[in-house]
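Notes for the structure review
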Amino acid sequence: MAGVDLSQKALEQLQDSVNGRATDIVKLKDGKPMDKTPGEFGAAFPGKKPLSKVFGDLAPSDGLASAVDAVEQKVSDELDAAKRRLDGVERALDQVRRNIRTADKASTGKDAK
């Protein structure tokens, strides 16, 4: 069935794309460049809490360092959540592909008799 084969191919391409984005998130968290990003990308998330003296000898420097740390942790948490969602989408697409394959085999078996 040509239509089923095209649907399977489209779903496979979509699943591969979702997997690629999930891989990009892992690379981002690890501080590694994604496929099309040249050179150094940066540190992993979350990074170490910056020393307060990075912001000078001002009284609120420690608070600013803590705020930077909190932002990095939030980014890390959001990247983890995005990765979990993409993994769920990938599993759902795989299940759809298996269901289509099963339905196609069942209908082909009936037509062959």
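Okay, so let's go over this structure. (Residues numbered from 1 in each chain as written. Predicted model: local features only at pLDDT ≥ 70, side-chain atom pairs only at ≥ 80, totals over all residues. Heavy atoms only, no water.)

**Re the overall build of the protein chain**
Note the following rule: Note on conventions: DSSP H or I runs of at least 4 residues are helices, E runs of at least 2 residues are strands, and numbering of each starts at the N terminus. Three exposure classes are used, based on accessible area relative to the maximum for each residue type with a 1.4 Å probe and protein chains only: buried under 20%, partly exposed in between, and exposed over 50%. What makes two residues a contact is simply this: any of their non-hydrogen atoms within 4.5 Å. In short, Shrake-Rupley with a 1.4 Å probe defines the accessible areas, and a residue's cover is counted only from the protein chains shown.
Along the protein chain, the regular secondary structure elements total two helices and zero strands. Across the 113 residues of the protein chain, 19% fall into the buried class. Relative to all contacts within the protein chain whose residues are 6 or more apart in sequence, the contacts with residues 24 or more apart total 58%. Entry remark: accessible area of the protein chain is about 8,000 Å², with carbon and sulfur atoms responsible for 58%.

**Considering the environment of Q8**
Following the sequence through the fold, Q8 ends up in helix 1 (residues 2-29). Relative accessible area serves as the criterion here: at 13%, Q8 is assigned to the buried category. Along the primary structure Q8 and V96 are separated by 88 residues, whereas in three dimensions their C-alpha atoms are 9.1 Å apart. When near neighbours in sequence (up to four residues on either side) are disregarded, Q8 contacts R97, I100 and R101.

**Brief notes about the pattern of salt bridges**
We apply this condition: The salt bridge definition used is simple: a Lys or Arg side-chain nitrogen within 4 Å of an Asp or Glu carboxyl oxygen.
Applying the stated criterion across every chain, the model contains five salt bridges. The closest approach of N and O atoms between K83 and D87, which form a salt bridge, is 2.9 Å. Placement of the pair is K83 and D87 together in helix 2 (residues 61-112), with a separation of four residues, close to one helical turn. K83 gets classed as partly exposed once you look at its relative accessible area, which sits at 22%.

**A look at the environment of Q15**
If you trace the backbone, Q15 turns up in helix 1. Assessed through its relative accessible area of 9%, Q15 is described here as buried. It is 8.0 Å that separates the C-alpha atoms of Q15 and V89, two residues lying 74 residues apart in sequence. Dropping the residues within four chain positions of it, Q15 is found in contact with E90, L93, D94 and R97.

**Regarding the environment of E90**
By the secondary structure assignment, E90 is in helix 2. On the basis of relative accessibility, which here comes to 18%, the residue E90 falls in the buried class. Dropping the residues within four chain positions of it, E90 is found in contact with Q15, V18 and N19.

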